[in-house]
2 protein chains.
Amino acid sequence: MRDVVVIGGGMTVFGKLPHRTPEDLGREAILAAIEDAGIRPNDVQFASWGTVYGGWCIGQRMLKEVGISGIEVLNVENACASGASAFREAWFRVATGQYDIVLAGGVESMTISPVAGKLIPPPSDDLDGQLGLTVPMFFALMMRRHMYEYGTTLEQFAKVSVKNHSHGCLNPYSQYQKELTLEEILQSRMICDPLTLLQCCPNTDGAAAVILCAKDISKRFTTRPMFVAASVLRSGDYFHRWNDVTFSDMSHKAAIAAYEMAGIGPDGLDLVELHDAFTVSEIMHYEDLGLCEKGESGSFIDSGKPWLGGDIPVNPSGGLLSKGHPLGATGVAQVVEVWRQLRGVAGKNQVEGANTAMTHVLGGYVSGLESGAVSIHIFKI
Amino acid sequence: MRDVVVIGGGMTVFGKLPHRTPEDLGREAILAAIEDAGIRPNDVQFASWGTVYGGWCIGQRMLKEVGISGIEVLNVENACASGASAFREAWFRVATGQYDIVLAGGVESMTISPVAGKLIPPPSDDLDGQLGLTVPMFFALMMRRHMYEYGTTLEQFAKVSVKNHSHGCLNPYSQYQKELTLEEILQSRMICDPLTLLQCCPNTDGAAAVILCAKDISKRFTTRPMFVAASVLRSGDYFHRWNDVTFSDMSHKAAIAAYEMAGIGPDGLDLVELHDAFTVSEIMHYEDLGLCEKGESGSFIDSGKPWLGGDIPVNPSGGLLSKGHPLGATGVAQVVEVWRQLRGVAGKNQVEGANTAMTHVLGGYVSGLESGAVSIHIFKI
């Protein structure tokens, strides 16, 4: 496998943008990535594109807007991990020597999608979902169990949202540019006890794109490429094996595989962008990814370590809670954030001296399985 | 790149099956493919799955039904070429040495999909579509132009449907098991002059799956594997370059690439499964793929060459017109047909002595481009 690097990235500002089509969002992200990489549109030899609700041939529809046609295009779906799966596809095409310069992107227009304003409908085979076990309810159960098992407090969960909204205010691409207090979060509308509204990620529209190329030709474009040190994609195992609902077994297994592939452990990471769809998700993933010991994420968030300025900032972009979560774009936007961070051009939310980073995204509630897909990438500069 | 072979395939009977979920259809196809290959479910190391309207994590949802979980799963969308794109992904994973045994599948439940009973809606950026240039209308225009340029007759177009329905009667997996006369076809309801109802593919539900593995381990499973000699996927170029609407430039380019990769030309093919969404599609693709000279497809169909028993049978399965067209499954079902044909176990529609075959599928009306995607595979036994 060849060394693969990221040489450019771009994204739209995330937000509620019902006046913009997916094509419009995608075009902006693609053009930004191409300009950032210093390539021309016709340098792109392959493109993979993530979306859930974007409709058919979404990649082709947006790429043609910037003058890219006639190449191999693959549209990829893995629920919330769609963008990360598209990134992996692009990485894989270069790593195996098939292509030299490729594009990976993702888009979602949640506010004009078929599920706009609705709970995401359970698949036809999901009896629990049909009977009312919606996604927020499920995460509320995890929250309760984490409190019971480890003494995690309501305040510790809410602090994740305080932190990520605080980070989001420093990121001009973030959907929310507003600090939130612990009280505001705890007292916001109850969604499913004890999960309140401001502990859930919002509906978001947006797009992101990155350019990858073979390391040996990257000096044509940049003196500071970002190396893809690990790429992992897994589906979930059967739920009945998931004896502990406070633990994402599939995230843990994917992290172990990624650390092995990259040759570094959690101690070697300078920052992490992880899947904080709900505050409890981030609390659990601290442990799944080995950022702290099992059961200690409450004291981990209290310690300040995952905050900007801390030992290992988590979601310096604002994460899904504040930056927003346009499903197909999320995994690619995480890479765009990391690309800015590792080059030291992130601006106000810069993690000083960051040289390594991990992105993690989990997606797709699938009845019987822990989840549909998890994807982890590790980057070095 | 390693040699990759197909060692098993399975599919459901195609038809209008609104009482069956995608999971139900997928399970049947996956089990059939696994049994045919003589592998166990946990031998499958990677799966790619094609669908357009199946909803999120469709592959994971069906694979878990047969005991496959925890592996890398990629859901792939490229409109009508979704299944072929999934097949290519699976081939690519083995060819590059990433995995040894993989599964590719596709499913569509058109009769219970969000577009059931409707015209497929034009994308938001498709002004022509919004103004009424629907897909059948577009193909009717091609038909008129082919008649004008080359003197192709209404009878010659209709003969494609006679042929494919005749073939479909011999295939127990085909949606329609009924011979049609030239008169019935020509006198069926007018959809868009001169395109009549029985010259359009039907709405279809169904699933198909195949097992691929590295050639060097295939003798564990079969003494007669089918070699993937070529795999090509391309998107369309800009429409303004398409100076001739009787010509699929992207199919032609993909065919040239596939012939080069396989080291054989159209004369070396024993049978072809091609994208006959409308009779005019098959007429055009005879020429695009080099099965006959440009403009001579009318006399080609008259000559009997593309019929079972002819020089180069086209769509011996019945094709999309008679076997049916469940979008995400179509590209994989073509491979299942070819797998039966090249082993000589196709039954009543067997092409005697077939050793080589091509599959071709084109998909995704995209405003501004000729089409979204084309995929061609060539197989040898």
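### Side note on the pattern of salt bridges
Close approach of charged atoms allows side chains with opposite charge to pair.
Then comes step 1: Going through the model one piece at a time under the given rule, you end up with 42 salt bridges over all chains.
Then comes step 2: Residue Arg93 of chain A pairs with Glu89 of chain A through a salt bridge whose shortest N-O separation is 2.9 Å. Of the two residues, Arg93 of chain A and Glu89 of chain A both sit in helix H3 (residues 82-95), four residues apart, roughly one turn of that helix.
Then comes step 3: When its relative accessible area of 0% is taken as the criterion, Arg93 of chain A is described as buried.
Then comes step 4: Where salt bridges share partners, they join Glu72, Arg88, Glu89 and Arg93 of chain A together with Glu72, Arg88, Glu89 and Arg93 of chain B into one cluster.

### A closer look at the domain arrangement of chain A
Residue and element names in this part refer to chain A.
Then comes step 1: The domain boundaries assigned to chain A delineate domain 1 (4-115 + 204-229) and domain 2 (127-201 + 230-380).
Then comes step 2: Each of domain 1 and domain 2 has a C-alpha centre, and the two are 23 Å apart.
Then comes step 3: Between domain 1 and domain 2, the residue contacts involve 46 residues of the former and 39 residues of the latter.
Then comes step 4: Summed over both sides, the interface of domain 1 with domain 2 buries roughly 3,300 Å², with 69% coming from carbon and sulfur.
Then comes step 5: On the domain 1 side of the contact with domain 2, Cys80, Met226 and Ala229 bury the most area, a combined 22% of that side's loss.
Then comes step 6: Remark: the boundary between domain 1 and domain 2 carries one salt bridge.
Then comes step 7: Here Asp36 ties to Arg343 by a salt bridge, and the two come within 3.9 Å at their closest N and O atoms.
Then comes step 8: Inspection of the region where domain 1 meets domain 2 yields ten residue pairs in polar contact (both at pLDDT 80 or more).
Then comes step 9: Put simply, the parts of the chain that give the side of domain 1 that touches domain 2 at least two residues each are strand S1 (4-11), H3, strand S4 (101-109), strand S7 (205-214) and strand S8 (226-234).

### Concerning the packing of H3 of chain A against helix H12 (residues 327-343) of chain A
Residue and element names in this part refer to chain A.
Then comes step 1: Where H3 meets H12, the axes come as close as 5 Å, and the angle between the chain directions of the two elements is 60°. Our classification of the angle between H3 and H12 gives oblique. Contacts between H3 and H12 involve Ser82, Gly83, Ala84 and Phe87 from the first element and Gly328, Gly331, Val332 and Val335 from the second.
Then comes step 2: Residue composition of the contact of H3 with H12, by class: four nonpolar, four polar and no charged.

### Here's the deal with the interface of chain B and chain A
Then comes step 1: Counting residues at the interface gives 57 residues for chain B, matched by 57 residues for chain A.
Then comes step 2: For the pairing of chain B and chain A, the buried interface totals around 4,200 Å² over both sides, and the portion due to carbon and sulfur atoms is 53%.
Then comes step 3: Linking chain B with chain A are four salt bridges.
Then comes step 4: One salt bridge connects Glu72 of chain B with Arg88 of chain A, and the closest N-O pair in it is separated by 2.7 Å.
Then comes step 5: At the junction of chain B with chain A, the criterion picks out 34 residue pairs in polar contact (both at pLDDT 80 or more).
Then comes step 6: For the side of chain B that touches chain A, the elements supplying multiple residues, two or more each, are helix H1 (22-37), helix H2 (58-63), strand S3 (72-77), helix H3 (82-95) and strand S8 (226-234) of chain B.
Then comes step 7: Of the residues forming the side of chain B that touches chain A, the biggest block, six residues, is contributed by S3 of chain B.
Then comes step 8: Class assignment of the residues belonging to the side of chain B that touches chain A gives a composition of 25 nonpolar, 19 polar and 13 charged.

### Topic: the relation of the copies chain B and chain A
Then comes step 1: In the superposition of chain B on chain A (RMSD 0.0 Å, axial shift 0.0 Å), the rotation amounts to 180°. Here the two chains are linked by the operation of a two-fold rotation axis. No C-alpha of chain B lies nearer the rotation axis than that of Val76 of chain B, which sits 2.4 Å from it.
Then comes step 2: Of all interface residues in chain B, 100% are interface residues in chain A too; the two copies therefore contact each other through one and the same surface.

Thresholds, definitions, all that
Residues numbered from 1 in each chain as written. Chains lettered and ligands numbered in written order. Predicted model: local features only at pLDDT ≥ 70, side-chain atom pairs only at ≥ 80, totals over all residues. Heavy atoms only, no water. Salt bridge = Lys/Arg side-chain N within 4 Å of Asp/Glu carboxyl O. Helix = DSSP H or I, 4+ residues; strand = E, 2+ residues; numbered from the N terminus. Buried < 20%, exposed > 50% of the residue type's maximum accessible area, 1.4 Å probe, protein only. Domains from an automatic or database assignment. Contact = heavy atoms within 4.5 Å. Buried area = accessible area lost by both parts, 1.4 Å probe. Polar contact = N/O pair within 3.5 Å; in protein donor to acceptor, adjacent residues only side chain to side chain. Axes fitted to C-alpha atoms, helices over the stretch in contact; angles between N-to-C directions. Parallel < 35°, antiparallel > 145°, perpendicular 65-115°, else oblique. Nonpolar A, V, L, I, M, F, W, Y, C, P; charged D, E, K, R; others polar. Least-squares fit on C-alpha atoms with pLDDT ≥ 70 in both.

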